[in-house]
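Coordinate inspection notes
Read off the chains here:
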Amino acid sequence: MHSVRDRILADVFGEDGYNRPGSDACAGPVLLDSFTSIPAFAIALSEQEAERLRAHPDVRSVSTDELHAPTRNGGTDNNPDNGVK
């Protein structure tokens, strides 16, 4: 998985065109995390960089992280007292 990820990122941004975890660089895309259970990774990008990545033929999708408000009790039921009496 990482070899595919690294190839795609090198194709889009160049071999040294993105920052790896622990890098002190502050400009350009920053690889944040890779996932082993699914072929995906998290990367901090500008909108323009995201469009470049999205255009690569081996990239299935690029999506934006969205914040969601936490639910009162994990969303498992609608009991306002969470089962505590």
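Residues numbered from 1 in each chain as written. Predicted model: local features only at pLDDT ≥ 70, side-chain atom pairs only at ≥ 80, totals over all residues. Heavy atoms only, no water.

Regarding the overall build of the protein chain
Along its length, the protein chain carries two helices and two strands. Going from the N terminus to the C terminus, the protein chain shows its helices and strands as α-β-β-α. Nonlocal contacts in the protein chain, meaning residues at least 24 apart in sequence, comprise 33% of its contacts between residues at least 6 apart. Within the structure as shown, the protein chain displays about 6,600 Å² of accessible surface, and the carbon and sulfur contribution to it stands at 51%. (Helix = DSSP H or I, 4+ residues; strand = E, 2+ residues; numbered from the N terminus. Contact = heavy atoms within 4.5 Å. Areas by Shrake-Rupley, 256 points an atom, 1.4 Å probe, with all protein chains shown as cover.)

With respect to the environment of Ile43
Looking at where Ile43 falls in the secondary structure, it is placed in strand S2 (residues 40–44). Classification of Ile43 by relative accessible area gives buried; the value is 17%. Ile43 sits 12 residues away from Leu31 along the chain, and the two C-alpha atoms are 4.3 Å apart. (Buried < 20%, exposed > 50% of the residue type's maximum accessible area, 1.4 Å probe, protein only.)

Some details on the confidence of the model for the protein chain
Here the protein chain averages 80 in pLDDT, while 74% of its residues score no lower than 70. Confidence, expressed as mean pLDDT per element, reaches its minimum in the protein chain at strand S1 (residues 30–35) with 87 and its maximum at helix H2 (residues 47–54) with 94. (pLDDT = per-residue confidence, 0-100.)

Quick word on H2
Side chains that are three or four residues apart share a direction in an α-helix, a result of its 3.6 residues per turn. Within H2 the residues assigned to the buried category are Glu49, Ala50 and Leu53. Seen along its axis, H2 keeps its buried residues to an arc of 100°; they face one direction. Away from its buried face, by an angle of more than 90 degrees, H2 presents the exposed residues Glu47 and Gln48. Turning to H2, the residues buried within the fold contact helix H1 (2–13) and S2. (Arc of directions from axis to C-beta.)

Things to note about the layout of surface pockets
Put simply, the largest pocket is a space of about 770 Å³. Contributing to the lining of the largest pocket are 26 residues, with Phe41, Leu53, Ser61, Val62 and Ser63 lying nearest its centre. For the lining of the largest pocket, the secondary structure elements donating two or more residues are H1, S2 and H2. Top contributing element to the lining of the largest pocket by residue count: S2, with five residues. (1 Å grid on protein atoms, 1.4 Å probe; cavity = no way out; pocket = protein on both sides within 12 Å on 5 of 7 lines; lining within 4 Å. Points joined across faces, edges and corners; volume = space filled by probe spheres on them.)

A few points about the side chain of Arg5
Of note, Arg5 is situated in helix H1. According to the relative accessible area criterion, Arg5 is buried, its value standing at 10%.

A short note on the pairing of S2
As paired strands, S1 and S2 are joined by five bridges and run antiparallel to one another. Its bridge partner lying in S2, Val30 is registered against Ala44. What sits between S1 and S2 in their antiparallel hairpin is a turn of four residues. (Pairing = 2+ DSSP bridges.)

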